[in-house]
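Structural features, examined
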Amino acid sequence: QVQLVESGGGLVQAGGSLRLSCAASGRTFSRYAMGWFRQAPGKEREIVAAISSSGGNTYYADSVKGRFAISRDNAKNTVYMQMNTLKPEDTAVYYCAADLRWIGGAVRTVANEYDYWGQGTQVTVSS
């Protein structure tokens with residue numbers, strides 16, 4: 001029903017920046033809260049950032065506060081994540097996810113409560 005396609009990953013040096021994009025199909029994107037998750041080899045998938053359907057509320061994991069910024073453009077059915085001052089520990093596959101359940105402008109931070117997922121995009125940060 002909903003397809004999500006991430007782009008913008010790649011290989012960067014520590015201290016560099018990347019901007020991830022997630023393009024969503026469908027006609028009701030503005031109703032979805034959206035999240036970015038990441039999974040490193042041998043690690044559990046973890047929340048990185050999330051944004052409410054209107055964009056008015058955001059959440060960031062402590063490890064990325066002050067460095068990453070999530071945003072959305074509902075007219076373009078796209079959510080973004082600007083990643084600055086990247087560190088080697090940011091290396092992971094990054095996934096975009098859509099939460100279709102009504103949560104009154106709040107965001108969810110648990111992976112299994114999201115309904116649709118993209119295929120992931122690799123981010124590698126060299127030291």
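In case you missed it, the structure is sitting above this.
Below: a short report on this structure. Note that the coordinates shown come from a computational prediction; the quantities given were computed from them, not determined experimentally.

Looking now at the side chain of Asp90. Take Asp90: it is sitting in the loop between β8 (78–83) and β9 (92–99). A polar atom in the side chain of Asp90 sits 2.9 Å from the side chain of Arg38. In this view, Asp90 contacts Arg38, Arg67, Phe68, Thr85, Val123 and Val125; residues no more than four positions away in its chain are not counted.

A separate point is the pairing of strand β4 (residues 33–39). Most of β4 sits out of view: six of its seven residues are buried. The pairing of β4 with β9 spans seven bridges and is classified as antiparallel. Looking at the pairing, Met34 lines up with Ala98 of β9. Pairing of β4 with strand β5 (residues 46–51), which is carried by five bridges, proceeds in the antiparallel orientation. Directly across from Phe37, in β5, lies its bridge partner Ile47. From the end of β4 to the start of β5, which pair antiparallel, there are six residues, and Gly42 there has a positive phi angle of about 75°.

Cut-off values and rules
- Residues numbered from 1 in each chain as written.
- Predicted model: local features only at pLDDT ≥ 70, side-chain atom pairs only at ≥ 80, totals over all residues.
- Heavy atoms only, no water.
- Helix = DSSP H or I, 4+ residues; strand = E, 2+ residues; numbered from the N terminus.
- Polar contact = N/O pair within 3.5 Å; in protein donor to acceptor, adjacent residues only side chain to side chain.
- Contact = heavy atoms within 4.5 Å.
- Buried < 20%, exposed > 50% of the residue type's maximum accessible area, 1.4 Å probe, protein only.
- Pairing = 2+ DSSP bridges.

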